[in-house]
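Descriptive structure summary
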Amino acid sequence: MQMKKTSTASAFAFGAKASPSPAAAEPEIDSVEDGDPSTLPPTASQSGENKPNIFGASWPSFQESPWRQMDWSEETNAALMESIRSYKPACDSVPAARVLLIGPVGAGKSSFISSVQSMFYGRVVNRAMMGSSSSSSTMGSSTSFTKKLQSYQLYSSRERVDESMSLVLSDMVGLGETNGLTLHDTLAVIKGHVPEGHMFNACCPVVSDTPGYVKEPSLAEKVHCVVFVVSGLEISSYSDTMKSTFHQLRELISALGVHQVALLTHVDKVCPKTASDISQVYKISSLKQVMVQAGALLNMPLSSIVPVKNYCDELELEPHTDTLLLRALDHILQYVDLHLRDQPATGQKADRAGHTRDTRESRQPPL
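Since this is a predicted model, take the numbers as computed values, not measurements.

With that out of the way, let us pick up unusual backbone geometry. One non-glycine residue, His-266, lies in the positive phi region at around 60°. Summarising the element assignment, His-266 is placed in the loop between β5 (259-265) and α6 (272-276). The residue Asn-299 is not glycine, and still its phi comes out positive at about 55°. Mapped onto the secondary structure, Asn-299 falls in the loop between α7 (285-298) and β6 (305-307).

Written out as structure tokens, the structure is:
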């Protein structure tokens, strides 16, 4: 059943407050083709919910042994970078892995894309358009700088801009944006129906007559992995309704057979030790607790969550920041290939001699 174009304000966007009427019930969406657009809730700063901040006076002790092992050497960085640069999806019909970033306004989705491209450029660049640091989640911003679906094919280096990598990172309006993204449209993006550059509007959901609508998307046009992005600074401030939203999204996306992972951003801003040395991130017990809280927020195991530091104020690259970003990318690409191998037409890559090989065998094991 095709959905009719909505002309009233009955379709609430992520972050829009629902009517106080007790009779109003949030509809359930089973698919892009059936049902009314559902909406997701505001962040705590929008809803007025106040929760105690976990970053209180008493920080758990610093531990000498990291709770998650990490090789911070530049040699490992170089090996990971080359592995990602030469990555090819585990399916011949898919030229590039498509990864969708989803998260609240100000969590750092666009900053992550720019930070990743910065590593391969060899200098800090703002590939994805971003707002100023003063309008980030640390300042309680409720306005998303990104307003449309925008995908970024990453370049392997600054010198070889004609050589793109087999990785596309897609950005879109943040959760919490009033009259913007809906649950219906989010699922439409993942299924490959939404055209590049589509401007999201809760009152105009994506339907079959939307300009550029992809009626029968190929596997290459669909999203192969969803990455939830949440801020370590806001982890105890996200509302209960936002938590419910994440759980709903996780359930519906999982039903599509798409794997999900999570990035915990701003980990350099929640502790003095990580602010001065990000390589201490796995030695701070309280940061592990923040990741545990992120797991509860997203209904996701700790093994699926990785911390990252995005380039924001810096002008030069920093090796340990790159380590976290490279590990995050490697983590994401492993789940991309898990998804692709589960597809009916998925086949292994063949080398020049015609022998099939595991395209991931040179990659590090999941974190």
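Structure's up, so let's keep going.
The next subject is the sheet that holds β5. The strands making up a sheet associate through backbone hydrogen bonding, with each pair oriented either parallel or antiparallel. Across the sheet, six strands lie side by side as β2-β3-β1-β4-β5-β6; this open sheet has mixed pairing. Only two strands of the sheet have a single partner each, and these edge strands are β2 (150-155) and β6. Sheet twist, expressed as the average angle between the axes of neighbouring strands with direction ignored, equals 25°. Note: strand β1 (residues 97-102) against strand β3 (residues 164-171), four bridges, orientation parallel. Residue pairing in the sheet places Arg-98 in a bridge with Val-168 of β3. Across the sheet, α7 lies against β4 (225-231), β5 and β6, angled at about 140° from β6, the strand it touches most. Helix-sheet contacts for helix α8 (residues 319-341) involve β1, β3, β4, β5 and β6, and the interaxial angle to β5 is about 170°.

Applying the stated criterion across every chain yields a total of two salt bridges. Lys-309 is the partner of Glu-314 in a salt bridge, and the nearest nitrogen-oxygen pair spans 3.3 Å. A relative accessible area of 25% means that Glu-314 is categorised as partly exposed.

The tendency in soluble globular proteins is for nonpolar side chains to be buried side by side. Of all hydrophobic cores here, the largest spans 87 residues; its most connected members are Phe-112 and Phe-228. At 10 residues, the largest contribution of residues to this core is made by α8. Each residue touching Phe-228, except ones within four places of it in the same chain, is listed here: Ile-102, Phe-246, Leu-249, Arg-250, Ile-253, Gln-260, Val-261, Ala-262, Leu-263, Leu-298 and Met-300.

Let us now look at the side chain of Arg-250. Here Arg-250 is to be found in helix α5 (residues 240-255). Buried charged residue Arg-250 carries no salt bridge. Nearest counter-charge: Glu-251, at 9.8 Å. Once you skip the residues sitting within four places of it in the chain, Arg-250 turns out to touch Phe-228, Gln-260, Leu-298, Asn-299, Met-300 and Pro-301.

So, on to the pairing of β5. Here β5 lies mainly inside the structure; six of its seven residues are buried. With three bridges joining them, β5 and β6 adopt parallel strand pairing. Across the sheet, residue Leu-264 finds its bridge partner in β6, namely Pro-307.

A few words now on the packing of helix α3 (residues 109-121) against α8. It is at 10 Å that the axes of α3 and α8 come closest, and there the two elements cross at 105°. Regarding the angle of α3 to α8, the classification is roughly perpendicular. Contacts between α3 and α8 pair Phe-112, Ser-115, Val-116, Met-119 and Phe-120 from the former with Asp-322, Leu-325, Leu-326, Ala-328, Leu-329 and Ile-332 from the latter. Across the contact of α3 with α8, the residue classes break down as nine nonpolar, one polar and one charged.

Reading the values: rules and limits
- Residues numbered from 1 in each chain as written.
- Predicted model: local features only at pLDDT ≥ 70, side-chain atom pairs only at ≥ 80, totals over all residues.
- Heavy atoms only, no water.
- Helix = DSSP H or I, 4+ residues; strand = E, 2+ residues; numbered from the N terminus.
- Pairing = 2+ DSSP bridges.
- Axes fitted to C-alpha atoms, helices over the stretch in contact; angles between N-to-C directions.
- Contact = heavy atoms within 4.5 Å.
- Salt bridge = Lys/Arg side-chain N within 4 Å of Asp/Glu carboxyl O.
- Buried < 20%, exposed > 50% of the residue type's maximum accessible area, 1.4 Å probe, protein only.
- Core = buried A, V, L, I, M, F, W, Y, C linked by side-chain atoms within 4.5 Å.
- Lys, Arg positive; Asp, Glu negative; His and termini not counted.
- Parallel < 35°, antiparallel > 145°, perpendicular 65-115°, else oblique.
- Nonpolar A, V, L, I, M, F, W, Y, C, P; charged D, E, K, R; others polar.

Interpretation note: all reported values are geometric properties and have no functional meaning in isolation.
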